[in-house]
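# Geometric and topological summary
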Amino acid sequence: MEPARLSDPQDWVAKHGDYLFRTALLRVRDGTVAEEVVQETFLAALQARERFAGQSSERTWLVGILKHKIMDHFRRSAREQPDPVEDVAQKDLDDQFDDTGHWQRGAGGPKEWADPSGALDRQQFWQALKVCLGKLPPRAASVFALREIDDLPSEEICSTMKISKANLWVMLHRARMQLRRCLEGSYMGVHRER
């Protein structure tokens, strides 16, 4: 089987621009910043196109570069805006989440959340999640997206965002609680009525 080949770089914006922009916007929550990281992605891809090994599709390769550019953005932002560690009762964390940071069964979450794979398949869920992420403080939304959407390890997130592991868990806890309330009021409320 022949390895994948890159298309003409002049076609990249038309073929992949909208997808990359939506992917970036979900993570950085600012249209201007999303445009910047997509532009940086195309520039980096143009400079590295000779090294494309063809082991993935062109879009997958570009998304990989985009994720690195988003991480670079978060690193720059973390240096510019330190976020103080806030005190949250450890009992809240223990009651709602297990050791891996996932909801504990019987912790009071909506019944619809028992099957997250079904909810993830619904376009309405992603639209509601995007709206709810937009209501979070920017750093909390970034941390949540890196951990839960991009599935990055805690150590990498802490290093990128210049935060302690304790602060990471506090931020994730608060983001999850705010998202839960928001989703219960929007997506889950709509879903239950049907």
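Above this note sits the structure.
Residues numbered from 1 in each chain as written. Predicted model: local features only at pLDDT ≥ 70, side-chain atom pairs only at ≥ 80, totals over all residues. Heavy atoms only, no water.

## Quick notes on the overall build of the protein chain
- A tally of regular secondary structure across the protein chain gives 10 helices and zero strands.
- Ordering the α and β elements of the protein chain from the N terminus gives α-α-α-α-α-α-α-α-α-α.
- For the protein chain, the proportion of its 194 residues judged to be buried stands at 41%.
- Taking as baseline every contact in the protein chain between residues at least 6 positions apart, the subset at least 24 positions apart corresponds to 71%.
- Approximately 11,600 Å² of the protein chain is accessible, and the part contributed by carbon and sulfur atoms is 50%. (Helix = DSSP H or I, 4+ residues; strand = E, 2+ residues; numbered from the N terminus. Buried < 20%, exposed > 50% of the residue type's maximum accessible area, 1.4 Å probe, protein only. Contact = heavy atoms within 4.5 Å. Areas by Shrake-Rupley, 256 points an atom, 1.4 Å probe, with all protein chains shown as cover.)

## Some words on helix H2 (residues 31-48)
- Taking 1.5 Å per residue as the helical rise, H2 with its 18 residues ought to reach 26 Å, and the 25 Å between its terminal C-alpha atoms agrees with that figure.
- Turning to H2, its buried residues number three or more, namely Val33, Ala34, Val37, Val38, Thr41, Phe42, Ala44, Ala45 and Ala48.
- Its side-chain oxygen at 2.8 Å from the backbone nitrogen of Thr32, Asp30 defines the N-terminal cap of H2. (Expected span 1.5 Å × (residues − 1). Polar contact = N/O pair within 3.5 Å; in protein donor to acceptor, adjacent residues only side chain to side chain.)

## Points about the nonpolar core
- Among the nonpolar cores identified, the biggest contains 31 residues, and Trp61 and Val143 are the most heavily contacted of them.
- Residue contacts for Trp61: discarding those within four places in its chain leaves Leu6, Trp12, Ala45, Ala48, Arg49, Phe52 and Ser56. (Core = buried A, V, L, I, M, F, W, Y, C linked by side-chain atoms within 4.5 Å.)

## Some remarks on the state of the cysteines
- In total, this model carries one disulfide according to the counting rule given.
- Two residues share a disulfide in this structure: Cys132 and Cys182, whose sulfurs sit 2.0 Å from each other. Across the S-S bond of Cys132 and Cys182 the torsion is about -80°, and the bridge reads as left-handed. Of this pair, Cys132 sits in helix H6 (residues 123-134) while Cys182 sits in helix H9 (residues 165-185); the two residues are 50 residues apart in sequence, bridging distant segments of the chain.
- Looking at Cys132, the relative accessible area reads 2%, which means it is buried. (Disulfide = S-S within 2.5 Å.)

## Here's the deal with unusual backbone geometry
- Of note, Asp151 is a non-glycine position whose phi angle comes to about 60°, a positive value.
- Secondary-structure assignment places Asp151 in the loop between helix H7 (138-149) and helix H8 (154-161).
- In this structure, Lys162 is a non-glycine residue whose phi angle is positive, near 60°.
- In this fold, Lys162 is placed in the loop between H8 and H9.

## Points about H6
- With 12 residues, H6 should cover 16 Å at 1.5 Å per step; its first-to-last C-alpha distance of 17 Å lies within 8% of that length.
- Within the sequence span of H6, burial applies to Phe125, Ala128, Leu129, Cys132 and Leu133. All buried residues of H6 fall inside an arc of 135° around its axis, so they share one side. Projecting away from the buried face of H6 at angles above 90 degrees are the exposed residues Gln123 and Val131. (Arc of directions from axis to C-beta.)

## Side note on the packing of aromatic side chains
- Under the criterion given, the structure shown has two aromatic pairs.
- Measuring from ring centre to ring centre gives 6.1 Å for Trp12 and Trp61, while their planes differ by 75°; the resulting arrangement is edge-to-face. In this pair, Trp12 sits in helix H1 (residues 12-28) while Trp61 sits in helix H3 (residues 58-80), placing the two residues 49 residues apart along the sequence.
- Classification of Trp61 as buried rests on a relative accessible area of 16%.
- Feature note: the residues Trp12, Phe52 and Trp61 constitute an aromatic cluster, connected by ring pairs. (Phe/Tyr/Trp six-rings, centres within 6.5 Å; stacked < 30°, edge-to-face > 60°.)

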